[in-house]
Amino acid sequence: NQKRLNRLRHHGTVSQDGVGVTLAANIGTAQDLPSILKNGAEAVGLMRTEFLYMDAAELPSEDDQFDVYKQVLTALAPRPVVIRTLDIGGDKPLPYLKHKPETNPFMGDRAIRQSLTHQNVFRSQLRALLRASAFGNLRIMFPMIATLDEFRQAKAIYDDERSALTVAQVPMGHVKIGMMVEVPAAALLADRFAQEVDFMSIGTNDLIGYTMAADRTNQDVAYLYQPYHPAILRLVNRVITAGHSAGIPVAMCGEMAGDPIAVPLLLGMGLDEFSMGAGSILKTRRLISQLNAHDLQALVETALNSASTSQEVITMVQAAVPDLL
Ligand code: PEP
Ligand code: MG
């Protein structure tokens, strides 16, 4: 079985009716590269840069970061690599960055919020990324964007650093700038965001948590953590539709992107890129190659408009693609 899966390593990802999507990998460090390449990743859809910072005893220097980004971009070139700027705070504090204790860290000073207040850390990361952009196909993504203002501020800081490096004649590649859609407010306003960003990537791990007001790490409310809940599906569909109306691609980099029940729904919705852990890529490629994207639109319609519960959605998916799950 693994042998048959391995044959799909060097294939693209195309549904039975010819719809092509990108199957990308989520990585944390450059050490993940051999495994994602072995598993047939077509791109990196999310590099979480937190590990670079959390594994260090002090703030990593711009040069240290540059080395890592360059290594990842070179290994994947010319394939795209989405690198997310620092997403600390919440459950990921940094010992060497002073941080006030918070009663509710997940709703506190984390991710882009910290980057905008600790601009020196953010700027040094952006410079490292810009310098590395000469070595591959870089896309920069901002985490936890809730308002357009945050995106505009982050983009302005990026433009500022880029101009300074241009003046200094530092070689740089073309870089696309996008955002994570993981705060419900951003999902609801995706049509406005889509006018200003180059791409969007749906972070379902946080989007589900914030939409259902349930902490996934809390066993007592784990039952609320429901990826197939119609409310979540409506948000996801809204983001995909908004992106496509504006002519930009929409990806997903939360766990849901590699979930076999969710994949038929996401393919039917027209998701462009699925980004996941290395271990799920080949199985997802095989699943997609057996699905008919066009036929799945009817399933999506019913799930969005007639389902009231997660269980109903699961039953609908199982009925639509019975022998694949
Ligand atoms: C997400 O929230 O879905 C996501 C991909 O980011 P993280 O899991 O790092 O919060
Ligand atoms: Mg997240």
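What counts, and at which threshold
Residues numbered from 1 in each chain as written. Chains lettered and ligands numbered in written order. Predicted model: local features only at pLDDT ≥ 70, side-chain atom pairs only at ≥ 80, totals over all residues. UniProt positions renumbered as here; feature names shortened; annotations may be inferred. Buried ≥ 20, exposed ≤ 12 C-beta atoms within 10 Å, placed from the backbone. Helix = DSSP H or I, 4+ residues; strand = E, 2+ residues; numbered from the N terminus. Contact = placed C-beta atoms within 7 Å. Pairing = 2+ DSSP bridges. pLDDT = per-residue confidence, 0-100.

- As named in an unreviewed UniProt entry, the protein chain is Phosphoenolpyruvate-protein phosphotransferase, taken from Levilactobacillus suantsaii.
- We quote the UniProt Cofactor (unreviewed entry) comment for the protein chain here in full: "Mg(2+)".
- Of the comments in the UniProt record for the protein chain, the one headed Sequence similarities (unreviewed entry) reads "Belongs to the PEP-utilizing enzyme family."

### Quick word on helix 10 (residues 204-212)
Phase 1 of the analysis: Inspection of helix 10 places T204, D206, L207, I208, G209 and T211 among the buried residues, and these make up the whole buried set.
Phase 2 of the analysis: In this structure, the buried residues of helix 10 make contact with strand 6 (176-181), helix 8 (184-188), strand 7 (199-202), helix 11 (230-245) and strand 8 (250-252).
Phase 3 of the analysis: Immediately beyond the C-terminal end of helix 10, within one or two residues, lies A213, with a positive phi of roughly 50 degrees.

### Quick look at unusual backbone geometry
Among all residues except glycine, the phi angle is most often negative; among peptide bonds, the trans geometry is most common.
Phase 1 of the analysis: With omega at 5 degrees, the peptide bond leading from A77 into P78 counts as cis.
Phase 2 of the analysis: Mapped onto the secondary structure, P78 falls in the loop between helix 4 (62-76) and strand 4 (80-84).
Phase 3 of the analysis: Positive phi, close to 50 degrees, is recorded for A111, a residue that is not glycine.
Phase 4 of the analysis: Look at A111 and you get buried, because 26 C-beta atoms sit within 10 Å.

### With respect to the UniProt feature "binding site: phosphoenolpyruvate" (unreviewed entry) in the protein chain
Phase 1 of the analysis: Per the UniProt record, "binding site: phosphoenolpyruvate" (unreviewed entry) is found at R48, R84, N205, D206 and R216.
Phase 2 of the analysis: As for its placement among the helices and strands, R48 is situated in strand 3 (residues 44-48).
Phase 3 of the analysis: Discounting chain neighbours no more than four positions away, the residues touching R48 are G28, R84 and D87.
Phase 4 of the analysis: By the element assignment, R216 lies in the loop between helix 10 and helix 11.
Phase 5 of the analysis: Residues in contact with R216, not counting those within four places in the same chain, are G209, A222 and Y225.

### Some remarks on the pairing of strand 4
The side chains of a regular strand alternate, residue by residue, between the two faces of the sheet.
Phase 1 of the analysis: With five of five residues buried, strand 4 lies mostly within the body of the structure.
Phase 2 of the analysis: Residues P80, V82 and R84 point to one face of strand 4 and V81 and I83 to the other, with burial holding for every one of them.
Phase 3 of the analysis: Note: strand 3 against strand 4, three bridges, orientation parallel. Bridged to V44 within strand 4 is V81.

### Brief notes about the confidence of the model for the protein chain
Phase 1 of the analysis: Per-chain confidence: the protein chain averages 95 in pLDDT, with 100% of residues scoring 70 or above.
Phase 2 of the analysis: The ipTM assigned to the predicted complex is 0.99, against a pTM of 0.97.

### Thoughts on the environment of D191
Phase 1 of the analysis: When you line up the elements, D191 lands in helix 9 (residues 190-193).
Phase 2 of the analysis: Residue classification places D191 among the partly exposed residues on the basis of 14 C-beta atoms within 10 Å.
Phase 3 of the analysis: Taking the C-alpha atoms as reference, D191 lies 21 Å from N205; in sequence the two are 14 residues apart.
Phase 4 of the analysis: Discounting chain neighbours no more than four positions away, the residues touching D191 are A242 and S245.

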